[in-house]
Structures are given as C-alpha cells and as structure tokens.
Amino acid sequence: MYRTTRSPMMQPLVNSGMGMAPFFKVNSHLTEHISAHSKMRFRTGPDEAGGTDVLHYESCASLCLRLYCRLISSLLPWFWSPQVTVFEQEHFQGKCLEFTSECCNIQECGLDNIRSIRVESGAWVGFEHHDFQGQQFILERGEYPHWDAYSGSLSYHVERLMSLRPIYCAAHQSSRMIIFERENFMGRSVEICDDYPSLQGMGWMMPEVGSMHVQCGAFVCYQYPGYRGQQYIMECERHSGDYQHWRNWGSHCQTPQIQSIRRIQH
C-alpha cells in the first residue's frame with residue numbers, strides 16, 4: 001500500500017525581485033561600513049567571471065528566520081522523538097529494529113538490508129550505502145512495504161538501504177528556500193515556499209538549478225517533474241543551508257537537473 005499525502009493549492013513562484021543576486025566587491029572598509037549600518041549578514045563566493053570574490057547579502061528578516069528555524073529544530077528533540085521501524089523483508093516481515101536516532105550502518109545492527117519501513121514519527125532520510133552515502137530516499141510518516149513505495153520511480157533500480165538519519169529541521173508550513181540559476185548563488189533567483197510538481201510549469205524556464213540557499217525547514221528536490229527520479233534532501237542545518245554547487249547535493253549527484261521540489265512533511 002502506498003502512502004499518500006495531500007498538499008495545499010499550488011502558488012505561483014515568487015520572484016525575489018532581483019534579476020541577479022546582488023553583490024559587493026570585497027573591500028574591508030566597505031564591508032565594515034555596510035555591516036555596521038545595514039545590519040546585514042554576508043557570505044563570500046566568486047563573481048560571475050569566476051575570479052574576484054564577492055559578498056552576497058542576507059537581509060535581517062532572512063537571518064532572523066534562519067535563526068528561528070535553528071532554535072526550533074534544536075528544541076524539538078526535547079519535546080518529541082523521531083521513531084522508525086525497519087524490516088529485513090518486504091511487507092513488514094522478518095527481523096525488525098526500531099530507531100530513534102541515526103544509524104550509519106544497518107549491518108552493524110544485525111540486519112542484512114532494509115526492505116520495508118514504518119515511520120512512526122518525524123521525517124527521515126535513507127541512504128543506499130553505509131555512512132549516509134549514495135542514493136537518498138525521503139521517508140515521512142507512513143508505511144513503505146517495499147522499495148517502490150519510497151524510491152520516487154527511480155530508473156536506477158537499487159533495492160538497498162543501508163543507513164538512515166532523522167531530519168530535525170523539517171518544518172512544513174515555514175519552509176523557505178531560494179534557488180539560483182547558476183552556481184555560487186548567481187543569476188536569476190526565485191523563492192520557494194510551497195510544493196511544485198513542475199518548476200518549468202510554474203515559471204522556472206530551465207531544467208537545471210545551479211545553487212540553493214535553504215533559509216528555513218527542509219525540501220526534497222527531484223530530478224524529473226511529478227516528484228520522480230533521483231532525490232536530493234536540502235536542509236537548513238546542512239552546509240548552513242548553503243548549497244553553492246550541485247555537487248554539494250549528495251555523493252550520488254551527477255547532474256544539476258531539478259524539475260520538481262516539495263517541502264518535507266514533519
């Protein structure tokens with residue numbers, strides 16, 4: 001039985017209002033002046049030519065949102081505990097184990113493989129290999145009786161899940177992310193705060209995404225429209241929410257192609 005979820009009505013993409021991510025040339029006096037007067041947070045990256053460093057800014061509102069999300073995610077373990085039960089055979093048969101925290105190698109816990117999963121609480125991400133490597137699979141509350149139930153119609157058929165961990169920062173209603181046309185937060189940018197089964201259908205004219213900045217919560221990005229293909233989990237707690245290059249998306253990533261995105265259900 002497949003798990004089904006309902007999402008609110010889709011909203012159009014919200015353009016950030018900037019055709020290109022704003023930047024300032026690196027200058028110590030200018031940096032001190034801007035930091036002191038505009039109260040903005042900066043992160044450094046190369047300019048479009050790939051040579052000179054530039055300073056991308058993050059507004060006070062964005063910074064406050066990021067800090068708020070981190071505070072909430074740090075407090076959540078005190079009020080609830082993520083819980084998942086994994087089974088060695090399909091349809092919840094065979095030897096089983098229950099986890100409330102990460103497991104970097106399921107074989108060290110006595111299981112040969114994970115072939116069915118029951119998520120009792122929280123959101124989890126499973127990995128094809130040990131030590132959180134390889135293909136990623138989002139696991140939200142519900143039952144997954146076999147590999148097809150959580151694989152996202154992955155063409156690369158691998159019925160193997162060897163490690164998993166909880167996603168503490170998942171915050172469905174307040175999730176917010178900015179996607180950029182090119183690497184290092186350059187080019188056209190669009191803010192994402194809803195679920196989009198087709199980015200191109202909602203106004204993003206390219207089949208690829210160059211870089212991402214997760215301000216709050218967590219998202220799962222898919223290679224193809226309709227939430228299909230390879231999955232990439234983007235979290236505000238990983239890389240400080242900054243994914244400057246598509247190779248930061250995961251050890252399994254071979255292409256910057258992203259065509260659908262949705263928020264992760266807590």
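Residues numbered from 1 in each chain as written. Predicted model: local features only at pLDDT ≥ 70, side-chain atom pairs only at ≥ 80, totals over all residues. Heavy atoms only, no water.

- The name an unreviewed UniProt entry assigns to the protein is Crystallin, beta A1, like 1 isoform X1, from the organism Lates calcarifer.
- The record held by UniProt for the protein lists under Sequence similarities (unreviewed entry) the comment "Belongs to the beta/gamma-crystallin family."
- Its UniProt record gives the protein a comment under Function (unreviewed entry), which states: "Crystallins are the dominant structural components of the vertebrate eye lens." (UniProt positions renumbered as here; feature names shortened; annotations may be inferred.)

**Some words on the packing of aromatic side chains**
- The full count for this structure, using the stated rule, is seven aromatic pairs.
- Here Tyr144 and Tyr150 contribute two aromatic rings whose centre-to-centre distance is 6.1 Å and whose plane-to-plane angle is 70 degrees, an arrangement assigned as edge-to-face. Tyr150 shares its class with Tyr144; the two are buried.
- Among the aromatic residues, those joined into a cluster by ring pairs are Phe137, Tyr144 and Tyr150.
- In this arrangement the basic side chain of Arg118 is found over the ring face of Phe92, its NZ or CZ atom lying 4.3 Å from the centre. (Phe/Tyr/Trp six-rings, centres within 6.5 Å; stacked < 30°, edge-to-face > 60°. Buried < 20%, exposed > 50% of the residue type's maximum accessible area, 1.4 Å probe, protein only. Lys NZ or Arg CZ within 6 Å of the ring centre and 35° of its normal.)

**Comments concerning the environment of Arg115**
- Following the sequence through the fold, Arg115 ends up in the loop between β6 (93-99) and β7 (116-121).
- Residue class for Arg115 comes out partly exposed when judged on its relative accessible area of 27%.
- In the structure, Arg115 is positioned 28 residues away from Phe87 in sequence and 6.1 Å away in space, judged by C-alpha atoms.
- Excluding its chain neighbours within four sequence positions, the residues that come into contact with Arg115 are Phe87, Glu88, Gln89, Glu90, Pro145, His146 and Trp147.
- Within the structure, Arg115 has its side chain in polar contact with the backbone oxygen of Glu88 (distance 3.0 Å). (Helix = DSSP H or I, 4+ residues; strand = E, 2+ residues; numbered from the N terminus. Contact = heavy atoms within 4.5 Å. Polar contact = N/O pair within 3.5 Å; in protein donor to acceptor, adjacent residues only side chain to side chain.)

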